[in-house]
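As a plain string of letters, each chain reads:
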Amino acid sequence: MIVTIANAKGGVAKTTSAMFLAAAYARRFESSVPVVLDADPQASASLWRDLVEDSGGCLGFDVAAANLSTLRRLDRVRAGSFVVVDAPPQGRLLETAIGVADFVVVPSSDSPLDLQQAWATLAAVPRERPAAVLLARVEPGTTAYARSVSALEGASTPRFDAVVRKRQDLKRCMGRCPSKLWEYGQVLDELLEVVRDGE
Ligand SMILES: Nc1ncnc2c1ncn2[C@@H]1O[C@H](COP(=O)(O)OP(=O)(O)OP(=O)(O)O)[C@@H](O)[C@H]1O
Ligand SMILES: [Mg+2]
């Protein structure tokens, strides 16, 4: 299964979501080692892996750099594997990462600007491809959150029921092993359910 994490907007928790979804899958299915494909030239996922290894830790999944050629060949390796693509914000790499995905996760904060970009990203996903907005780094109970949920519902935008709350622990998680999964375990459950239903 190939899951692409994409949003044309920067800083919306794409890399964090990619790493925690891979960690959640590794925890759930110990027989299979997931891989995060780092397709973002910023290389944040690769840096995260390097920092963990430098401190003697072990992520429990692989992180590998990906380019256009790597992504185009992905459909040859998909059987039985769980691949999460940390996509760049624009360009052919983003289009290709979306094109090869079985599911596209579009993380967004609850700011109107981020939501606009989330919709623009969803518009680039082929119609038959499952895709959903993941509200991340949000504070349920605030007006901004309620407005975002209502805007998504008003536009009939598919979204995960699980939302990832804003947390200091998640803010500081770069370069650390994801020990606690927070809401990402539920996000993985929802994602697997949709993909299985579609098979
Ligand atoms: N749930 C959360 N609560 C608090 N901080 C968070 C949360 N999720 C992510 N962050 C923080 O938000 C920042 C952006 O996250 P991240 O790097 O995952 O976003 P990104 O979309 O990959 O960014 P970029 O566009 O630069 O690649 C990071 O500092 C990260 O630690
Ligand atoms: Mg990133």
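Below is a short write-up of the structure.

So, how was this worked out
- Residues numbered from 1 in each chain as written.
- Chains lettered and ligands numbered in written order.
- Predicted model: local features only at pLDDT ≥ 70, side-chain atom pairs only at ≥ 80, totals over all residues.
- Heavy atoms only, no water.
- Helix = DSSP H or I, 4+ residues; strand = E, 2+ residues; numbered from the N terminus.
- Rg over C-alpha atoms; globule rule 2.2 N^0.38 Å.
- Buried < 20%, exposed > 50% of the residue type's maximum accessible area, 1.4 Å probe, protein only.
- Contact = heavy atoms within 4.5 Å.
- Areas by Shrake-Rupley, 256 points an atom, 1.4 Å probe, with all protein chains shown as cover.
- Lys, Arg positive; Asp, Glu negative; His and termini not counted.
- Charge placed at Lys NZ, Arg CZ, Asp CG, Glu CD.
- Pairing = 2+ DSSP bridges.
- Axes fitted to C-alpha atoms, helices over the stretch in contact; angles between N-to-C directions.
- Salt bridge = Lys/Arg side-chain N within 4 Å of Asp/Glu carboxyl O.
- Near = heavy atom within 4 Å.
- Polar contact = N/O pair within 3.5 Å; in protein donor to acceptor, adjacent residues only side chain to side chain.
- 1 Å grid on protein atoms, 1.4 Å probe; cavity = no way out; pocket = protein on both sides within 12 Å on 5 of 7 lines; lining within 4 Å.
- Sits in = over half its atoms within 2 Å of the grid points.
- Nonpolar A, V, L, I, M, F, W, Y, C, P; charged D, E, K, R; others polar.

What to know about the overall build of the protein chain
Next, step 1: What the protein chain contains, in helices and strands, is 8 helices and 7 strands.
Next, step 2: The C-alpha radius of gyration computed for the protein chain amounts to 16 Å, which stays within 12% of the reference 16 Å derived for 199 residues, consistent with globular compactness.
Next, step 3: Viewed in the frame of its principal axes, the protein chain has a C-alpha envelope of about 45 × 35 × 30 Å.
Next, step 4: Taken across its 199 residues, the protein chain has 50% of its residues classed as buried.
Next, step 5: The long-range fraction of contacts in the protein chain, counting pairs at least 24 apart against all pairs at least 6 apart in sequence, stands at 79%.
Next, step 6: Of the roughly 9700 Å² of accessible surface on the protein chain, 48% is carried by carbon and sulfur atoms.
Next, step 7: Computing the positive centroid from 23 side-chain charges and the negative centroid from 24, the protein chain places the two 4 Å apart.

Re the sheet that holds strand β4 (residues 83-86)
Next, step 1: If you trace the 7 strands from one edge of the open sheet to the other, you get β3-β2-β4-β1-β5-β6-β7, paired in parallel fashion. Since the sheet does not close on itself, it has two edges, and those belong to β3 (62-65) and β7 (164-165), each with one partner.
Next, step 2: Of the strand pairs in this sheet, strand β2 (residues 35-38) and β3 are connected by 4 bridges, and their pairing is parallel. Across the sheet, the residue bridging to Asp38 is Ala65, located in β3.
Next, step 3: Along the sheet, helix α2 (residues 44-54) contacts β2, β3 and β4; its crossing angle with β2, the most-contacted strand, is approximately 130°.
Next, step 4: Packed onto the sheet, helix α8 (residues 184-197) meets β1 (2-5), β5 (103-108), β6 (131-138) and β7 and runs at close to 145° relative to β5.

What to know about unusual backbone geometry
Next, step 1: Even without glycine at this site, Ala13 takes up a positive phi of about 80°.
Next, step 2: Its relative accessible area of 15% is what places Ala13 among the buried residues.

Considering the pattern of salt bridges
Next, step 1: Scanning the model with the defined rule gives 7 salt bridges in all.
Next, step 2: Among the salt bridges present, the one from Arg28 reaches Asp189, with a minimum N-O distance of 2.5 Å. You can see Arg28 sitting in helix α1 (residues 14-28) and its partner Asp189 sitting in helix α8, a full 161 residues away along the chain.
Next, step 3: Its relative accessible area of 38% is what places Arg28 among the partly exposed residues.
Next, step 4: For Asp189, a relative accessible area of 35% puts it in the partly exposed group.
Next, step 5: Measuring nitrogen to oxygen at the nearest pair gives 2.9 Å for the salt bridge that ties Arg167 to Glu183. Of this pair, Arg167 sits in the loop between β7 and α7 (168-171) while Glu183 sits in the loop between α7 and α8, placing them 16 residues apart in sequence.

A look at the site of ligand 1
Next, step 1: Among the 16 residues in the neighbourhood of ligand 1, the closest are listed as Gly11, Thr15, Thr16, Arg137 and Arg165.
Next, step 2: Within the side chain of Thr16, a nitrogen or oxygen atom sits 2.6 Å from an oxygen atom of ligand 1.
Next, step 3: Here an oxygen atom of ligand 1 and a side-chain polar atom of Asp40 are 3.4 Å apart.
Next, step 4: Mapping ligand 1 onto the cavity grids shows that it belongs to the largest pocket.
Next, step 5: Where the shell around ligand 1 is concerned, the elements lending two or more residues are α1, β7 and α7.
Next, step 6: Of all the elements, α1 adds the most residues to the shell around ligand 1, at 3 residues.
Next, step 7: When grouped by side-chain class, the residues that make up the shell around ligand 1 number 4 nonpolar, 5 polar and 7 charged.

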